[in-house]
Amino acid sequence: MTTTVITHIAGLVTNDPALGEGPLGLIEDAALVLDGETVAWAGPASRAPDADHRVDAGGRAVLPGFVDSHSHLVFAGDRTAEFNARMSGQPYEAGGIRTTVAATRAASDAELSANVARHLREALRQGTTTFETKSGYGLTVEDEARALRIAAEHTDEVTYLGAHIVAPEHADDPAAYVDLVTGPMLDACAPHARWIDVFCEKGAFDGDQARAILTAGKAKGLLPRIHANQLSYGPGVQLAVELDAASADHCTHLTDADVDALASGNTVATLLPGAEFSTRAPWPDARRLLDAGVTVALSTDCNPGSSYTSSVPFCVALAVRDMGMTPDEAVWSATAGGAAALRRTDVGRLAPGARADLTVLDAPSHVHLAYRPGVPLVAEVWRRGARVV
């Protein structure tokens, strides 16, 4: 192993309060020492130990690589017309997913894998070093299993989402589709996934169906997460807490009881502002969640229908401008919060022992992510101790 010291860092976000100021563990005029693929030391530049190699950050900010804990990248086709219709006044409904299902089923494995790789390169250039992605655009045993096999070629954080919507072939018999999702489809998909997810929403799956699906997944060793309370009030959030799901994602329409449940449990509230931006829906109230003590993550929800963005910096800016988050809270949620939503401790922070995944901004402070929205501020990205952008 060789060591590298990165010095002349204007502001280093460690996400370790023991190392620096506040929840971000912010260190000014800092240095960071990497030992192979991991962080060995973080602190003031004046006290940095020697290393085999020296890199000058040039007075720029350094923060952990973004952890995008919610995306839908195994797809084919385009939904520009649907987006244009929404922007012309039509409401968003879950049924638009069927358009992508048809295109995905018709695509080859090579086409689907190439599309995942293209979006990951795009995300990497914007500072994302860890990501989760789901199936959900196949909705047959064969197509869901191949989606997960393809996803697993690109990430360890793979989620089985056979319960995205009821497959068109089962539109008249949703119970039969739930039996398929919890039976033969689960058997085929479980070996390729870490997580199981369900879209608990009007037009998709109700609370009883969602409970049956997630419980069956847990029995097969898959960990639960859930699309909850995106389009309306519903049982999703409280079901997530009941089943100790890692995250309840969207959380746009919440009762006081929902907020209390999240605050008392271990489930992370993952907010996806790209979806509200792309559907002109009400913004999630991040301030309400944070003030109640809920752990919040920010993610892109990158998908071709309701949130076609791979940019975590864009989501950070939206969260600060429209969801009541401070820049510090938004950056924490897009790094350490995303890691918590994946139940990971090795990413989302830059403290000794963590994986050496980091983003260097062409700016002196992480606050510029919200201060200069839409500007390509990511100057360098390092993954496992090596510069990749």
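Whatever comes next refers back to the structure up there.
None of these values were measured; they are calculated from a predicted model.

Visitor: How should the packing of aromatic side chains be read in this particular structure?
Guide: Where two aromatic rings form a pair, the distance of their centres and the angle of their planes describe that pair. Here the structure, examined in full by the defined rule, presents four aromatic pairs. For the ring pair Y177 and F205, a centre distance of 6.4 Å and an interplane angle of 25° mean the geometry is stacked. A residue pair is termed long-range when its members are at least 10 positions apart, and Y177 in helix α5 (residues 174-182) and F205 in the loop between β8 (195-200) and α7 (207-219) qualify at 28 residues. Here the two residues Y177 and F205 agree in accessibility, since each one is buried. Counting every residue linked through ring pairs, the aromatic cluster contains F75, Y137 and Y308. If you follow R225 out to its NZ or CZ, it ends over the ring of W195, 4.3 Å from the centre.

Visitor: Is there a simple way to explain the side chain of T267 in this structure?
Guide: Among the secondary structure elements, T267 is positioned in the loop between α9 (256-264) and β12 (268-271). Overall, T267 belongs to the buried group, its relative accessible area being 2%. Dropping the residues within four chain positions of it, T267 is found in contact with A240, V241, D244, A245, A246, S247, A248 and L262.

Visitor: Even after reading the chapter, I still don't get α5, so can you show me in this structure?
Guide: Because an α-helix completes one turn every 3.6 residues, residues spaced three or four positions apart along the sequence face the same direction. What α5 keeps buried is the set Y177, V178, L180 and V181. Seen from one end, α5 has its buried residues packed into an arc of 160°, which puts them on one side. Residues of α5 that are buried sit in contact with α4 (141-152), β7 (157-163), α6 (184-189) and α7.

Visitor: Any chance you could explain the sheet that holds strand β4 (residues 53-64) here in plain terms?
Guide: Sheets are built from strands paired through backbone hydrogen bonds, the pairs being either parallel or antiparallel. Sheet architecture is open: seven strands sit in the order β3-β2-β1-β4-β14-β15-β16, paired in mixed fashion. A single partner strand is all that each edge strand has here, and the edge strands are β3 (38-44) and β16 (386-387). Sheet topology note: the strand β1 (residues 3-12)/strand β2 (residues 27-35) ladder contains seven bridges and is antiparallel. Each bridged residue has a counterpart across the sheet, and for I6 the counterpart in β2 is L32.

Visitor: I tried to follow helix α13 (residues 327-341) on my own but got confused; where do I start?
Guide: Helix length check: α13 (15 residues) gives 19 Å between terminal C-alpha atoms against 21 Å at 1.5 Å per residue, within 8%. By the largest-angle criterion, S333 marks the main kink of α13, which is about 40°. Looking at α13, one finds that the buried residues are A330, V331, S333, A334, T335, A336, G337, G338, A339 and A341. Phi turns positive, to about 50°, at R343, one or two residues after α13.

Visitor: Whenever I open this one, the environment of P284 confuses me. Can you help?
Guide: Secondary-structure assignment places P284 in the loop between α10 (273-279) and α11 (286-291). P284 gets classed as buried once you look at its relative accessible area, which sits at 2%. Between the C-alpha atoms of P284 and Q230, which are 54 residues apart in sequence, the distance is 8.9 Å. When near neighbours in sequence (up to four residues on either side) are disregarded, P284 contacts H250, C251, T252, L271, E276 and M323.

The rules behind the values
Residues numbered from 1 in each chain as written. Predicted model: local features only at pLDDT ≥ 70, side-chain atom pairs only at ≥ 80, totals over all residues. Heavy atoms only, no water. Phe/Tyr/Trp six-rings, centres within 6.5 Å; stacked < 30°, edge-to-face > 60°. Helix = DSSP H or I, 4+ residues; strand = E, 2+ residues; numbered from the N terminus. Buried < 20%, exposed > 50% of the residue type's maximum accessible area, 1.4 Å probe, protein only. Lys NZ or Arg CZ within 6 Å of the ring centre and 35° of its normal. Contact = heavy atoms within 4.5 Å. Arc of directions from axis to C-beta. Pairing = 2+ DSSP bridges. Expected span 1.5 Å × (residues − 1). Bend = angle between axes of the 7 residues up to and from the residue.

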